[in-house]
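Structural features, examined
Next come the chains, spelled out residue by residue.
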Amino acid sequence: CPLSAFRSYKGWSVLPGKLMQISIGKGGRQWGVARNHTIWTRACSGNWVNIPGRLKNIATNAQGQVWGVNRYNDIYVRIGSVKGSWRHIGGKLLNLSLGPNHGVWGIGTNHHIYARVGGINGHWVDTRGMGYIVTVGQSGDVYTIGMNRRLYWKNAKNLHGRSEEHTSEPSHDQISYAVFFLKKK
């Protein structure tokens, strides 16, 4: 999306809308949730469109798939993107992140980190880790802010293996969630 039409402030450009969380997906399509948990989407330069339903957390990926969590920690996947509908997925998560091919990772209500194996029709696997928030990049790297508020990393292919504490500079994939989490505390 070319942002030249928006006013710049120290390298940041002001975009229209007021959201508490946003995720960017295929072709720059933006999906977000407002403070009242309403769901919004827009193309790069289009107007915001309200999507039926309510979520507290939303995630999209480079393939345009969209997942979310509502205030009751129920999990939903969007079937058909913008003009589609929401399908309930079993389980409870506080928040989630979405990698390629419906590769969902989330934080359970017990703060355990879960991964979705098998996509929409799959099942949840406890990955033997705990955290406050998780984010997965399009390359398969997964990051979490652990219970000790430290940043941990693992490769998505290593579901049950041990996570490692991340001590180098964070990648762009996890920065949005880290900032979101730190601002809420």
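Cut-off values and rules
- Residues numbered from 1 in each chain as written.
- Predicted model: local features only at pLDDT ≥ 70, side-chain atom pairs only at ≥ 80, totals over all residues.
- Heavy atoms only, no water.
- Helix = DSSP H or I, 4+ residues; strand = E, 2+ residues; numbered from the N terminus.
- Buried < 20%, exposed > 50% of the residue type's maximum accessible area, 1.4 Å probe, protein only.
- Contact = heavy atoms within 4.5 Å.
- Areas by Shrake-Rupley, 256 points an atom, 1.4 Å probe, with all protein chains shown as cover.
- Salt bridge = Lys/Arg side-chain N within 4 Å of Asp/Glu carboxyl O.
- Pairing = 2+ DSSP bridges.
- Axes fitted to C-alpha atoms, helices over the stretch in contact; angles between N-to-C directions.
- Core = buried A, V, L, I, M, F, W, Y, C linked by side-chain atoms within 4.5 Å.
- Phe/Tyr/Trp six-rings, centres within 6.5 Å; stacked < 30°, edge-to-face > 60°.
- Lys NZ or Arg CZ within 6 Å of the ring centre and 35° of its normal.

**Concerning the overall build of the protein chain**
The number of helices and strands found in the protein chain is one helix and 16 strands. Buried positions account for 41% of the 185 residues belonging to the protein chain. Within the protein chain, residue pairs in contact and separated by at least 24 positions form 38% of the contacts whose partners lie at least 6 positions apart. For the protein chain, the accessible surface area stands at approximately 10300 Å², while carbon and sulfur atoms represent 54% of it.

**Structural notes on the pattern of salt bridges**
According to the stated counting rule, one finds one salt bridge in the structure shown. Of the charged contacts in the structure, one is a salt bridge between lysine 92 and aspartate 74, with a shortest N-O distance of 2.7 Å. Of this pair, lysine 92 sits in strand β10 (residues 85-99) while aspartate 74 sits in strand β9 (residues 74-79); the two residues are 18 residues apart in sequence, bridging distant segments of the chain.

**What about the sheet that holds strand β4 (residues 30-33)?**
Taken in spatial order, the four strands of this open sheet run β3-β4-β5-β6, and their pairing is antiparallel. Since the sheet does not close on itself, it has two edges, and those belong to β3 (21-24) and β6 (49-54), each with one partner. Strand-to-strand, the axes of this sheet are offset by a mean angle of 25 degrees, without reference to chain direction.

**Considering the nonpolar core**
Grouped together as the largest cluster of nonpolar side chains are twelve residues: Ala59, Trp67, Val69, Ile75, Val77, Ile89, Leu93, Leu96, Leu98, Val104, Tyr114 and Ile120. For this core, the elements supplying multiple residues, two or more each, are β8 (66-69), β9 and β10. Here this core takes four residues from β10, the largest share from any one element. Setting aside anything within four residues of it in sequence, one finds valine 69 in contact with Leu55, Lys56, Asn57, Asp74, Leu93, Leu94, Asn95 and Leu96. Trp31, Ile39, Ile58 and Val66 belong to the second-largest nonpolar core, a separate cluster that totals eight residues.

**Examining the packing of aromatic side chains**
One pair of aromatic rings is described through two measures. These are the centre distance and the angle between the planes. All told, the structure shown has zero aromatic pairs when counted by the stated rule. Looking at arginine 78, its charged tip hangs above the ring of tryptophan 86, at a distance of 4.9 Å from the centre. Over the aromatic face of tyrosine 132 sits the side chain of arginine 149, whose NZ or CZ is 4.4 Å from the ring centroid.

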